[in-house]
Amino acid sequence: MAFASPPPVLSPCRPARPPRRPLRLRRYGPPSAADGQLRRLSSLASTAGSPLRQAGGWRPPLRPHGAPRMDAAVPEEGTSAADGSSSNGASDADSVLRVRVRRVGHLTDYCDNAMVKEYPNPIRRAMADGFGFVPKGEVVLKNVALRADESTTPATGGEAGPEFQATCRAGQDAPAYLRAGPRETVYFEPRAVRAAIVTCGGIAPGLNTVIRAIVMTLTREYGVETVFGIQSGYRGFYAKNWLALTPELVENIHKDGGTFLGTSRGGHDTTRIVDALETRGINQLYVCGGDGTVAGALALQEEIIKRRLPIALCTLPKTVDDDLCVIDRSFGFETAVEEAQHAINAAAREARDFPNGIGLVKLMGRNSGFIAVHAALASGEADCVLIPEVPFAISGPGGLLEYIEHQLDERGKVVIVVAEGAGQEHVADAVGAVRSRDASGNKLLSDIGLRLLNDIKAHFAGIGTEVSCKFIDPTYMVRSCAPCAGDSLLCTLLAHSAVHGLFGGHSGFMVGPVNGVNVYVPFQEVAGKQKVVDVASGRLWLRLLSSTGQPDFALPSGQPARRSSSAMSTVSAVSTDSL
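Just so it is clear, the structure is predicted and the values come from calculations on it, not from any experiment.

1. So, the nonpolar core
If you look at soluble globular proteins, the nonpolar side chains tend to sit buried side by side.
Working step 1: Grouped together as the largest cluster of nonpolar side chains are 83 residues, with contacts concentrated most on Phe237, Tyr286 and Leu316.
Working step 2: Here Phe237 is in contact with Val198, Ile230, Trp242, Ile273, Ala276, Leu277 and Leu285, once residues within four sequence places are set aside.
Working step 3: Counting 34 residues, the second-largest nonpolar core is a separate cluster that includes Ala351, Val361, Val385 and Val535.

Put into structure tokens, the structure is as follows:
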């Protein structure tokens, strides 16, 4: 939902600010002329991405169509962009929407004026009113819920539907992020730009689409002449030859999976990388990766600021696990879910066609179970889903094996989906595994799929029951394929937004969708954090339980398996209640 903050200082041509009026919500139909240019909210919070402009309090006068916008600067982080305090200093916590704008860094923050100059944006076709440039101060709200008071008499009515008063949740502090898109003023002369693109960490569907879209936008939209591809991840800055990227070279790479530039884990050396950027004269850097890559990009940004270099840097969210904070989803996730669904359907077919059939599918999901949960919901075939967020017991009363017995007695088959990071305490205890980490700092996981397969076979052999157990492990298949249409579109739009952001002088951000609108998220809100499935009260997990009918498997000590909210905070600072 988009929000434009009011100007901090009223000009003589603007009317005096009237007393605060209650926040109002038009529930049905399109906005009418009486609603005002900056008072549009279609439907309730179920309509993600609905633009929320100045919905209450001060409103600027209506402007004729085609007249210039009256834009305001973005408030500093920690300030209230929509303050509902009354003139006598009193405030109503249940009817005030306080917006906290997450500030994104800018070249002008740390570079000398002589190094940073302003230029008119060369994208002429973006000049059209209603589409073109993103105005200053336009932000996107996240997790804002409004309540329509339908017990009151509607203030207005008509064909457009009744209009009711609406309030925010008591004490709500709504985070807001700078909206992505082209700016009227840019801070790079296109022919002086020397850009570089690098892909880091594991592969994901859509990486080649991102590379292609960045190159095409830089060269065709802005007229940039020099774009480099860094091969083999972060280590490629100082250990590999740089590849010159042209529209002709990348024209057809989006049809393939993987990454055209190659990738690797680790190899991050902040000093050597920034030295290479400075030596080569790079002033725009595009990094594709997950939370570990963002942490590395944050270190680069801090070194760039320390040296006061005119280099703009951003990341694009690449992870099939969809565990990056703040944003709705990362690219590659939708394709991974689609491919994982095929594996679940295959396991269900095998289980259905054999007596006492058991289908066991292991999917990706190191610290979060989003792929397993979404794929199970999409398939509708899973009887049990095991994810890292929920501990479970394998044997004993109320354990997994008892549930499998019950399902075979009742239905004659059972389909189990397990994320690779689930139940690691069982595998570590069984094999005496020593926790070690890969080059990216991720814990190396033991194979929970094989542990469950062996336990299932041993259990039913011990009770004299013949079963047909099929184990399917499509772990790396789900991330190595070409992207689906949804991911391809997301990758293209993310690439466009990234280029627009760096040309606008912004730096130190990850681009991603929030409520369906692309925004710029500061590195600090992503690095070192992970999004997990909210199993305490999230709608996604509750819908999964409704779909599978599975219980909360008891732990050996007898306590319920579902984590409390406090336990979740030790896993991640951010959870989700998506869907």
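2. Looking at the pairing of strand β11 (residues 194-199)
Working step 1: Within β11, 5 of the 6 residues are buried, which leaves it mostly tucked inside the rest of the structure.
Working step 2: When β11 meets strand β12 (residues 226-230), the two strands line up parallel, connected through 5 bridges. Its bridge partner being in β12, Arg194 is matched across the sheet by Thr226.
Working step 3: Following the backbone out of β11, through helix α2 (residues 207-221) and into the adjacent parallel β12, one traces a crossover that is right-handed.
Working step 4: In this structure, β11 lies alongside strand β14 (residues 284-289), joined through 5 bridges in parallel fashion. Bridged to Val198 within β14 is Val287.

3. Looking at the pattern of salt bridges
Working step 1: For the structure on display, the rule yields 18 salt bridges.
Working step 2: A salt bridge links Lys362 to Asp473; its shortest N-O distance comes to 3.5 Å. Taken together, the residues Lys362 in strand β16 (residues 357-363) and Asp473 in the loop between β19 (468-472) and α12 (477-480) connect sequence positions 111 residues apart.
Working step 3: The closest approach of N and O atoms between Asp383 and Lys413, which form a salt bridge, is 3.8 Å. Separated by 30 residues along the polypeptide, Asp383 in the loop between α8 (370-379) and β17 (384-386) and Lys413 in strand β18 (residues 413-419) bring together distant segments of the chain.
Working step 4: The exposure class assigned to Asp383 is buried, which follows from its relative accessible area of 2%.
Working step 5: One network of salt bridges, with partners in common, ties together Asp275, Glu278, Glu303 and Arg307.

4. As for the packing of helix α5 (residues 270-280) against helix α6 (residues 291-307)
Working step 1: Two numbers describe how α5 lies on α6: the axes approach to 10 Å, and their chain directions differ by 60°. For the element pair α5 / α6, the angle class is oblique. Taken as a pair, α5 and α6 cross one another with a handedness that is right-handed. Seen from α5, the contacting residues are Thr270, Thr271, Ile273, Val274, Asp275 and Glu278; seen from α6, they are Ala299, Leu300, Glu303, Ile304 and Arg307.

5. A few points about the packing of aromatic side chains
Working step 1: As enumerated under the stated definition, the model contains 5 aromatic pairs in all.
Working step 2: Ring centres 6.0 Å apart and planes at 75° place the aromatic pair Phe188 and Phe503 in the edge-to-face group. Here Phe503 lies in helix α13 (residues 485-503) and Phe188 lies in the loop between β10 (185-186) and β11, a separation of 315 residues in the sequence. Take Phe188 and Phe503: they sit in the same class, and that class is buried.
Working step 3: Ring-pair connections join several aromatic residues into one group, and the members of that group are Phe188, Tyr222 and Phe503.
Working step 4: Over the ring of Phe354 we find Lys470, and its NZ or CZ is 4.0 Å from the ring centre.
Working step 5: Over the face of the ring belonging to Phe370 we find Lys531, whose NZ or CZ atom lies 5.4 Å from the ring centre.

Basis of the calculations
Residues numbered from 1 in each chain as written. Predicted model: local features only at pLDDT ≥ 70, side-chain atom pairs only at ≥ 80, totals over all residues. Heavy atoms only, no water. Core = buried A, V, L, I, M, F, W, Y, C linked by side-chain atoms within 4.5 Å. Buried < 20%, exposed > 50% of the residue type's maximum accessible area, 1.4 Å probe, protein only. Contact = heavy atoms within 4.5 Å. Helix = DSSP H or I, 4+ residues; strand = E, 2+ residues; numbered from the N terminus. Pairing = 2+ DSSP bridges. Right-handed = clockwise from strand over helix to strand, strands pointing away. Salt bridge = Lys/Arg side-chain N within 4 Å of Asp/Glu carboxyl O. Axes fitted to C-alpha atoms, helices over the stretch in contact; angles between N-to-C directions. Parallel < 35°, antiparallel > 145°, perpendicular 65-115°, else oblique. Left-handed = near helix turned anticlockwise from the far one by under 90°. Phe/Tyr/Trp six-rings, centres within 6.5 Å; stacked < 30°, edge-to-face > 60°. Lys NZ or Arg CZ within 6 Å of the ring centre and 35° of its normal.

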